[in-house]
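Commentary on secondary and tertiary structure
Given next are the chains, with one letter for each unit.
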Amino acid sequence: MAVTAGADRTLRTWDLTTGQQAAAPVTDLEGETAAMTTAVVDGRVVVVTAGPGATLRVVDLAGGRDVHEPLLTHHGRVLAIATATLDGHPVAVTAGSDRTAAIWNLATGRQIGEPLTGHTSRVTAVATTVLEGRPVAVTGSWDKTVRLWDLGTGRQIGDPLTGHTDWVTSVATTVVDGQPAAISKSRDKTVRLWDLATMRQTGGAQPSGTDPHGTVAVTVRDGRPVVAVGHGQTVEFWDPTTGREADEQYVLPLPVDLLSTAPCGRLVVAFGPEIAVLRPTAPS
């Protein structure tokens, strides 16, 4: 399944096998969706969504109803959301315009601990992974840094990861050679790979086209991670284990808005009012 949100203020659920909508749309959103992700809460598939302000909603996809009252964050505006499991409970990690990230228990609707502070400008991207058995979050910011956070303690791990020369606009996580890694994209028109075990950049900066914005996602093909980079109307791929770019690329009729991974190496691409499902091939 894929879940999409549009300027028409609706959430729609799609069966990726048939291409048809799988449930009635959720139509009572307040404004255009700024960020969203999915999770499972008490056996129910939910969507965690943020509108144009500081409020989060946790919506049960099957019934189209809120799991609990909307969550009022301190962000001013929520700019990114990711989910993780902390102490056996589903949590959301939010990032916002107040320069912080925060952790939320999705079952209770309560914030866990204090805000994660350290960035010096708005936090525009967040992803989660597991490092040495601990759930962690990776954040990217307008302060040009990528930072790593221990979700159990709420503390930053190590020093900021530096190298980008402009805002970080997107981050994703994967596993490279058995080690957790992060990929970041910046307005400096580069994509960088970070080894989270050593807290160092791996290889050189990869060019990411002429579009200073864009997004990244990581899919898996034949057991190997493949980084997808969306910029302008193009989706390109490269192998983080070798640093080699794939020969193929996809050119779409409208600019790429978002990328999301799906099973079996597939990639869901949102462009304008449309979505497409791509089957990228790993570089040889």
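Residues numbered from 1 in each chain as written. Predicted model: local features only at pLDDT ≥ 70, side-chain atom pairs only at ≥ 80, totals over all residues. Heavy atoms only, no water.

Description of the overall build of the protein chain
- Tallying secondary structure elements over the protein chain gives zero helices and 26 strands in all.
- Rg of the C-alpha trace for the protein chain: 18 Å, near the compact-globule value of 19 Å for 284 residues, within the 12% margin.
- Relative to its full complement of 284 residues, the protein chain shows a buried share of 49%.
- In the protein chain, the share of contacts with a sequence separation of at least 24, taken over all contacts with a separation of at least 6, comes to 36%.
- As displayed, the protein chain offers around 13000 Å² of accessible surface, 47% of which is attributable to carbon and sulfur atoms.
- Averaging the locations of the 23 positively and 29 negatively charged side chains of the protein chain gives two centres separated by 2 Å. (Helix = DSSP H or I, 4+ residues; strand = E, 2+ residues; numbered from the N terminus. Rg over C-alpha atoms; globule rule 2.2 N^0.38 Å. Buried < 20%, exposed > 50% of the residue type's maximum accessible area, 1.4 Å probe, protein only. Contact = heavy atoms within 4.5 Å. Areas by Shrake-Rupley, 256 points an atom, 1.4 Å probe, with all protein chains shown as cover. Lys, Arg positive; Asp, Glu negative; His and termini not counted. Charge placed at Lys NZ, Arg CZ, Asp CG, Glu CD.)

Examining the packing of aromatic side chains
- Summed over all chains, the structure comprises two aromatic pairs.
- Summarising the aromatic geometry, the rings of Trp-142 and Trp-167 are spaced 3.7 Å apart at their centres and angled 10° between planes, so their arrangement reads as stacked. Here Trp-167 lies in the loop between β15 (155-156) and β16 (168-176) and Trp-142 lies in the loop between β13 (134-141) and β14 (146-150), a separation of 25 residues in the sequence.
- Judged by its relative accessible area of 28%, Trp-142 falls in the partly exposed class. (Phe/Tyr/Trp six-rings, centres within 6.5 Å; stacked < 30°, edge-to-face > 60°.)

Some words on the pattern of salt bridges
- The full count for this structure, using the stated rule, is eight salt bridges.
- For the salt bridge of Asp-166 with Arg-187, the shortest nitrogen-to-oxygen distance reads 3.6 Å. With Asp-166 in the loop between β15 and β16 and Arg-187 in the loop between β17 (179-186) and β18 (190-195), the pair connects residues that are 21 residues apart, well separated along the chain.
- Judged by relative accessible area, which is 27%, Arg-187 ranks as partly exposed.
- Among the ionic pairs, Asp-239 bridges to Arg-224, the shortest N-O distance being 2.2 Å. With a gap of 15 residues between them, Asp-239 in strand β22 (residues 234-239) and Arg-224 in strand β21 (residues 224-231) connect regions that are remote in the sequence.
- Through salt bridges that share partners, Glu-132, Arg-134 and Asp-150 make up one connected network. (Salt bridge = Lys/Arg side-chain N within 4 Å of Asp/Glu carboxyl O.)

Things to note about the sheet that holds strand β23 (residues 244-251)
- Sheet architecture is open: four strands sit in the order β20-β21-β22-β23, paired in antiparallel fashion. Edge positions in the sheet fall to β20 (215-221) and β23, since each has one partner strand and no second. Ignoring strand direction, the axes of neighbouring strands in this sheet form an average angle of 25°.
- The sheet contact formed by β20 and β21 spans seven bridges and is antiparallel. (Pairing = 2+ DSSP bridges. Axes fitted to C-alpha atoms, helices over the stretch in contact; angles between N-to-C directions.)

Overview of the layout of surface pockets
- Here the second largest pocket defines a volume of roughly 230 Å³.
- Along its surface, the second largest pocket is lined by 16 residues, and Glu-30, Ala-50, Gly-51, Thr-55 and Arg-57 are the ones closest to its centre.
- Taken together, the elements giving at least two residues each to the lining of the second largest pocket come down to β4 (44-50) and β5 (55-60).
- Element by element, the count of residues in the lining of the second largest pocket is highest for β5, at three residues.
- Looking at the lining of the second largest pocket residue by residue, the classes come out as six nonpolar, six polar and four charged. (1 Å grid on protein atoms, 1.4 Å probe; cavity = no way out; pocket = protein on both sides within 12 Å on 5 of 7 lines; lining within 4 Å. Points joined across faces, edges and corners; volume = space filled by probe spheres on them. Nonpolar A, V, L, I, M, F, W, Y, C, P; charged D, E, K, R; others polar.)

Quick notes on the sheet that holds strand β11 (residues 110-116)
- With respect to topology, four strands assemble into an open sheet ordered β8-β9-β10-β11, the strand pairing being antiparallel. Edge strands, defined here as strands with exactly one partner in the open sheet, are β8 (78-86) and β11. For this sheet, the mean inter-axis angle between neighbouring strands, taken without regard to orientation, is 20°.
- Bridge count between strand β10 (residues 101-105) and β11: four bridges; the pairing is antiparallel. In the sheet register, Ile-103 faces β11, and the bridge partner there is Ile-112.

Overview of the environment of Ala-95
- Looking at the secondary structure, you find Ala-95 in strand β9 (residues 89-96).
- Taking C-alpha positions, Ala-95 is 20 Å from Leu-29, a pair spaced 66 residues apart along the chain.

Overview of the pairing of β8
- Burial analysis of β8 places seven of its nine residues in the buried class, which makes it a mostly covered element.
- In this sheet, β9 lies alongside β8 in antiparallel orientation, the contact comprising eight bridges. Residue pairing in the sheet places Ala-82 in a bridge with Val-93 of β9.

Observations concerning the confidence of the model for the protein chain
- Taken as a whole, the protein chain shows an average pLDDT of 90; of its residues, 98% reach a score of 70 or greater.
- Averaged pLDDT values over the elements of the protein chain bottom out at 82 in β23 and peak at 98 in β14. (pLDDT = per-residue confidence, 0-100.)

Observations regarding unusual backbone geometry
- One non-glycine residue, Asp-87, lies in positive phi territory at about 55°.
- Along the chain, the position of Asp-87 falls in the loop between β8 and β9.
- Judged by its relative accessible area of 70%, Asp-87 is exposed.
- A positive phi is found at Lys-189, a non-glycine position, where the angle reads about 70°.
- Inspection of the secondary structure puts Lys-189 in the loop between β17 and β18.

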